[in-house]
Amino acid sequence: MKTVIVGAVAGGASAAARIRRLDDSAEIVMFERGGYISYANCGLPYYIGRKIKEEKNLVLNTPDDFKNRFNIDIKINTEVISVDTKNKKVLFKELHTGKTGEESYDFLVLSPGAKAVRPKLKGIESEKIFTVRNVEDIQKIKKYVVENSIENAVVIGGGFIGVEMAENLINIGSEVVLIEKLDQILAPFDYEMACCIQGKLAEKGIKLLLETEVKEFDENGKNISVVTEKHGKIHAQIVIMAAGILQDTDVLKDSGIEMGIKNSISVDKHMMTSVKEVYAVGDAVEIKNIVTEKKASVMLAGPANRQGRVAADNICGLSSEYRGAQGSFVVKAFELAAASTGLNERQARNEGLNYDIAILCPPSHATYYPNSKNITMKVVFERESGKILGAQVIGEEGADKRCDVFASAIRANLTAYDLTELELCYAPPFSSAKDPVNMAGYLIENIISGRVKQIHYSDVDSLDKEKYLILDVRKDDEYNEGHIEGAYHIPLDSLRQRFGELHDFKEKTICICCKTGVRSYNAYRFLTQNGFDCLNIAGGYYFYSGVKNGMFDSKPIHACGIGIK
């Protein structure tokens, strides 16, 4: 049996190693266009910021190591330029010599990955403009940064790579302007959650230019100008183009292989393409979203590795299936970890789902243990069943592990009721007796049962003052620092003594606000049981003001959870 693998890194290298472990007699040939077959592409920005100090630490397996360990014929710096599925062979070209050749196969695994977007703009070919996709790219950037003592940089694109590169350029002393054509960075997050991260970037000195489109580039000696319509010319010594990635599947246009969305490769549950004995894995494939059960493109290392394993299993006679992805990821923004899994609210709305959201800001661990940090959480759930559809979690401590629990809950079809019963690890330095995930379950349960009715930040400013009253139950000093315009103020601890003041507003719906939703929930329960019609402002003044300003402040929030039974 002879298997040819086109493309290495996560999917291709995983498939090669798995085939060898299952069949020591198999002939395996791997083609890789670059000079590295297994490297930490997610770690590339941190090499620029000197968090990863040695280039060798980016390389997980050298071609020689991989060949010696797994007995695989590895052809690096060699590009496959066409795929002939009828005659079961690929045509390749050695990039250093220009020499071409053919390689036959019994099985073919396609792992072409994705390529960085380089928009066709005037000046785009400047040597001062760089992309970040592989080790060779990061080597060029490192060399340029060191040789030119970079003091100012422009990053175009506010996705994962853009945010990570902006942080790491700041960390080596450069001034950074981050340009994004949308009204927020990190599009997989909902707008208000992106505001959390935007606040942190701004606090660290990154200048954010949102809703800004680049028109062209103008090189001038040691500098390059990024020309925008909205902000004119922005001068820098280096430009990082991080405007996204596209499936790199052009080589397959005459192969007879069926293509899916966004020019991705269509595969079945065994990772087989429309052509028998041809498999595809990684960033270039179309898979099923396990939440919507619709076709999707998920460009992440974890799914690519699992897909490579599934393809290898089936090549070797094991009936293995890939059930789909939900899109779980985390990105670092200085002290913050921003994680997401499943659907965001925008996706749930576009899918026409009957959903609702829960917003809470619980502490990462017991507040009586030093250095507790609050986490901002947004959970999307199915309104009737309480099934978890997605979650976004941001914080300085514990955000990633909470999002991992939500990811597991989505995979297992758990509901909010199940979240309340999860027995999660607890000790004061690590969590609270009621973990933030438990708290999310309690809040959602209360929403579904009707024990609390919500109003979201986006609806507050449009309230009819003749029909609604905003009641702020925070302390005096908090209220005086800032509040929703027109809000009536009674601190929670005085509410039982002073709630008679609200009888003049008995015909109105009272929208209750505190810092994050904890005290307002307690006020809600008291007032509704005393005949008032109330709504709880989800996320409180913290969420409302953060979104309205386009970014959240970095002050710690002292709260102990939301929606306690």
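Please refer to the structure placed before this passage.
These notes cover the structure that comes with them.

Thresholds applied
Residues numbered from 1 in each chain as written. Predicted model: local features only at pLDDT ≥ 70, side-chain atom pairs only at ≥ 80, totals over all residues. Heavy atoms only, no water. Salt bridge = Lys/Arg side-chain N within 4 Å of Asp/Glu carboxyl O. Helix = DSSP H or I, 4+ residues; strand = E, 2+ residues; numbered from the N terminus. Buried < 20%, exposed > 50% of the residue type's maximum accessible area, 1.4 Å probe, protein only. Contact = heavy atoms within 4.5 Å. Axes fitted to C-alpha atoms, helices over the stretch in contact; angles between N-to-C directions. Parallel < 35°, antiparallel > 145°, perpendicular 65-115°, else oblique. Nonpolar A, V, L, I, M, F, W, Y, C, P; charged D, E, K, R; others polar. Expected span 1.5 Å × (residues − 1).

Overall, the coordinates contain 33 salt bridges when judged by the stated rule. The residue glutamate 277 makes a salt bridge to lysine 88 at a minimum N-O spacing of 2.5 Å. Residue glutamate 277 is located in the loop between strand S20 (265-266) and strand S21 (278-280), and its partner lysine 88 is located in the loop between strand S6 (78-84) and strand S7 (89-94); the two are separated by 189 residues in the primary sequence. You can call lysine 88 partly exposed: its relative accessible area is 25%.

Right, let's get into the environment of isoleucine 448. By the secondary structure assignment, isoleucine 448 is in helix H11 (residues 436-449). Excluding residues that lie within four positions of it along the chain, isoleucine 448 makes contacts with Phe381, Glu382, Arg383, Glu384, Ser385, Gly386 and Tyr417.

Time to look at the packing of helix H6 (residues 191-203) against helix H16 (residues 540-549). Where H6 meets H16, the closest approach of the two axes is 9 Å, and the angle between their N-to-C directions is 80°. On the basis of the axis angle, H6 is roughly perpendicular to H16. Along its contact with H6, which presents Tyr191, Glu192, Met193 and Cys195, the element H16 presents Phe543, Gly546 and Val547. When grouped by side-chain class, the residues that make up the contact of H6 with H16 number 5 nonpolar, 1 polar and 1 charged.

So, about helix H1 (residues 9-22). With 14 residues, H1 extends 20 Å between its outermost C-alpha atoms, agreeing within 8% with the 20 Å of an ideal straight helix rising 1.5 Å per residue. Counting buried positions along H1 gives 12 out of 14 residues, so the element sits mostly inside the fold. Those residues of H1 that fall on the buried side of the exposure criterion are Val9, Ala10, Gly11, Gly12, Ala13, Ser14, Ala15, Ala16, Ala17, Arg18, Ile19 and Arg20.

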